[in-house]
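Architecture at a glance
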Amino acid sequence: MEHLKQLIRDIPDFPIPGIIFKDITTLLKDAHAFGHVVDRLVDEYRDHQVDVVVAIESRGFIFGAPLAYKLNACFVPVRKFGKLPAQTVTKEYALEYGTSTLEMHVDAIQEGQRVLIVDDLLATGGTARATAELVETLGGHVVGFAFVVELCFLSGREKLAGYSIFSLIQYE
Ligand code: AMP
């Protein structure tokens, strides 16, 4: 994991002062590392009978799509407000400053399907929590959350209490 960590680039004060942005593009351009990350996520959820991988715009798509393919599961995108063309369910949630809104198509998930939620990074947990609420609104069962990076000092896990959470690389 130390090798993977070294491939993630810190960008201070992006997108706003005080935030250290974890830039994964430097990991993605290493073919071996990218493949290894996907393989590790697959290993973790291979035996969980995942029906649907729900990935969060936009960096969640990068990992969610190959994960769905490898798990032989469907892929469902969760997008920012106004991007999805058909009828949606919508969830507004709090950011550090202000609010944001996520959407999913109403017909994206069938009642009782087993859903794995994927994003590149767990920070405060608000985005992941809102996504779980969208999935559950449609009758899906959240099997767990998979993240490549977890910023442990922001305690995102507390917002996801009761769910199974896996992260590959942690920053304490
Ligand atoms: P949160 O809702 O606070 O858990 O934020 C998670 C979402 O914001 C994810 O989709 C991340 O891609 C993005 N994000 C939050 N903080 C960072 C960070 N320091 N570096 C990169 N992405 C971040």
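Higher on the page you've got the structure.
So, here is what we can say about the structure in this document. (Residues numbered from 1 in each chain as written. Predicted model: local features only at pLDDT ≥ 70, side-chain atom pairs only at ≥ 80, totals over all residues. Heavy atoms only, no water.)

Counting its regular elements, the protein chain contains six helices and nine strands. For the protein chain, the spread of C-alpha atoms along the three principal axes comes to 40 × 40 × 30 Å. Out of the 172 residues in the protein chain, the part that is buried amounts to 45%. At a minimum sequence separation of 6, the contacts of the protein chain that also span at least 24 residues come to 56%. Separation between the mean location of the 16 positive side-chain charges and that of the 23 negative ones in the protein chain comes to 3 Å. (Helix = DSSP H or I, 4+ residues; strand = E, 2+ residues; numbered from the N terminus. Buried < 20%, exposed > 50% of the residue type's maximum accessible area, 1.4 Å probe, protein only. Contact = heavy atoms within 4.5 Å. Lys, Arg positive; Asp, Glu negative; His and termini not counted. Charge placed at Lys NZ, Arg CZ, Asp CG, Glu CD.)

A separate point is unusual backbone geometry. The omega torsion of the bond from Phe14 to Pro15 falls at 0°, within 30 degrees of zero and hence cis. Residue placement: Pro15 occurs in the loop between strand S1 (9-12) and strand S2 (20-23). The omega torsion across Glu57 and Ser58 is -10°, close enough to zero to call that bond cis. In this structure, Ser58 sits in the loop between strand S3 (52-56) and helix H4 (59-71). The phi angle at Asp13 is positive, at roughly 60°, despite the residue not being glycine. When you line up the elements, Asp13 lands in the loop between S1 and S2. Given a relative accessible area of 48%, Asp13 falls into the partly exposed group. Phi is positive for Gln49, close to 50°, though the residue is something other than glycine.

Bringing the site of the ligand into the picture now. Within the structure, the ligand sits among 13 residues, and Asp119, Asp120, Thr124, Gly125 and Thr127 are positioned closest to it. Here the ligand loses 83% of its free accessible area of 490 Å² to cover by the protein chains. Within the residue set of the shell around the ligand, elements represented by two or more residues are S2, strand S7 (114-122) and helix H5 (126-137). (Near = heavy atom within 4 Å. Areas by Shrake-Rupley, 256 points an atom, 1.4 Å probe, with all protein chains shown as cover.)

Let us look at the sheet that holds strand S9 (residues 165-171). Spatial strand order, S5-S6-S4-S3-S7-S8-S9: seven strands in an open sheet with mixed pairing. Taken across any chain shown, the strands that pair with only one partner, and hence form the sheet edges, are strand S5 (88-94) and S9. For this sheet, the mean inter-axis angle between neighbouring strands, taken without regard to orientation, is 20°. Direction of pairing for S3 relative to strand S4 (residues 74-80): parallel, over a ladder of five bridges. Directly across from Val54, in S4, lies its bridge partner Val76. (Pairing = 2+ DSSP bridges. Axes fitted to C-alpha atoms, helices over the stretch in contact; angles between N-to-C directions.)

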